[in-house]
Amino acid sequence: KRQKGGNMDLRRFCTEIGLPFGAVRIVEKMNEEISEVCYQYVRELFFTDREEIFREIASLAGYRQRFLYYYCRLACETYEKYQRAGIGDRVFFDTFSDIAVWCQVCFRRYGEYGIQEYEWLWRHVEMTLFRLGRLQFEKTESLWEFEYKGRKTAVGDPVISIHIPEGQPLDPEACRESLDMGRKFWGGEIPYVCHSWLLFPGLKEILDEKSNILRFQQMFEIQSVDFQFREGEERIFDCLMEDPEKYPENTSLQRNARKYLMQGGRLGSGLGVISAD
């Protein structure tokens, strides 16, 4: 068999990130079927014209499986960059475990292993996002204008954006440890922000006061609230419905959120800032 993927073994990579066996078989099958010339074409456009190559792949049959394969290949190549930067294997595999997370989300939503959120995972390959413990930290440009501790941040200024990958409890102690890791990794010169449905203050109306989500909120100073996206509904119910009465009620969070929405409530997102000191 051909072994492609830089100095990281493709099977080892898939195993270490926790990719389901059925998905591993898809990756290995495509590794045999897709020519090296084709892969190198995709790879070049990934770094020079990402929007174009995304459009090309998304127009093909089985595009979700193709994105899964290409991201695994690109991740294997990224391993060498991690080594040169002195970043350990644990951070590498933890960061790219997001491929397995979104592969399982794809299976839940579409009944097939693959990647639908292909416009998200480029950050991992470009090494602007790292998972450090429970949380992910992305160095990016601020989409918001805010003031924290007398310091103004304008749109476009550098920030460390905190993301919360699914799959594990939002344990407050684990989050605090992760934040400490983030500060050591990125330093304390620029603000650490989080824009998420988990920071929506209205969640106090549907969650128990001892909820880990509400304890997570307490780590941040909420700067603003918006209703631009329906991320809360999508994450809670794993789908979006125009009629909230049609939402499932399999968990207490789903039951409470469904009732809240049926009574005319809306689930928004909050922008929170945490001290990097």
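Right above here is the structure, for reference.
Residues numbered from 1 in each chain as written. Predicted model: local features only at pLDDT ≥ 70, side-chain atom pairs only at ≥ 80, totals over all residues. Heavy atoms only, no water.

Asks: Any chance you could break down the side chain of D226 for me, citing the residues and the numbers?
Replies: Relative to the assigned elements, D226 resides in strand β7 (residues 221-226). Side chain to side chain, D226 and H195 meet in a polar contact 2.7 Å long. Engagement of the side chain of D226 in a polar contact is seen with the backbone nitrogen of Q228, the distance being 3.2 Å. Among residues more than four places away in sequence, those in contact with D226 are H195, G268 and S269. (Helix = DSSP H or I, 4+ residues; strand = E, 2+ residues; numbered from the N terminus. Polar contact = N/O pair within 3.5 Å; in protein donor to acceptor, adjacent residues only side chain to side chain. Contact = heavy atoms within 4.5 Å.)

Asks: How would you explain the environment of L240 if you had to name every residue and give the values?
Replies: Within the secondary structure, L240 is located in the loop between α10 (231-237) and α11 (252-262). Put simply, L240 and R230 are 10 residues apart on the chain and 8.0 Å apart in space, counted from C-alpha to C-alpha. Not counting chain neighbours up to four residues away, the residues in contact with L240 comprise R230, E233, E234 and Y247.

Asks: For empty space enclosed by the protein, give the residues involved together with the corresponding values.
Replies: In the structure shown here, the tally under the stated rule is one cavity of 30 Å³ or more. By volume, the largest cavity is sized at about 60 Å³. In terms of lining, the largest cavity is formed by V42, F46, I53, F54, I57, F67, Y70, Y71 and L74. Breaking the lining of the largest cavity down by element, the ones donating at least two residues are α3 (36-48), α4 (50-58) and α5 (63-85). (1 Å grid on protein atoms, 1.4 Å probe; cavity = no way out; pocket = protein on both sides within 12 Å on 5 of 7 lines; lining within 4 Å. Points joined across faces, edges and corners; volume = space filled by probe spheres on them.)

Asks: Please provide a residue-by-residue account of the packing of helix α2 (residues 21-33) against α5, values included.
Replies: Following both chains from N to C, one finds α2 and α5 inclined at 80 degrees, their axes separated by 9 Å at the closest point. Our classification of the angle between α2 and α5 gives roughly perpendicular. Between α2, through A23, I26, V27, M30 and N31, and α5, the contact on the second element is made entirely by Q65, R66, L68, Y69, C72 and R73. Per-class residue counts for the contact of α2 with α5 are seven nonpolar, two polar and two charged. (Axes fitted to C-alpha atoms, helices over the stretch in contact; angles between N-to-C directions. Parallel < 35°, antiparallel > 145°, perpendicular 65-115°, else oblique. Nonpolar A, V, L, I, M, F, W, Y, C, P; charged D, E, K, R; others polar.)

Asks: Mind laying out the layout of surface pockets, listing which residues take part and the relevant values?
Replies: Approximately 1200 Å³ is the volume found for the largest pocket. Lining the largest pocket are 39 residues, and of these W120, H163, H195, E231 and R235 sit closest to its centre. Looking at the lining of the largest pocket, the elements that each hand over two or more residues are α6 (89-110), α7 (122-125), β2 (135-141), β5 (158-163), β6 (192-196), β7, α10 and β8 (269-274). The element contributing the most residues to the lining of the largest pocket is α6, with five residues.

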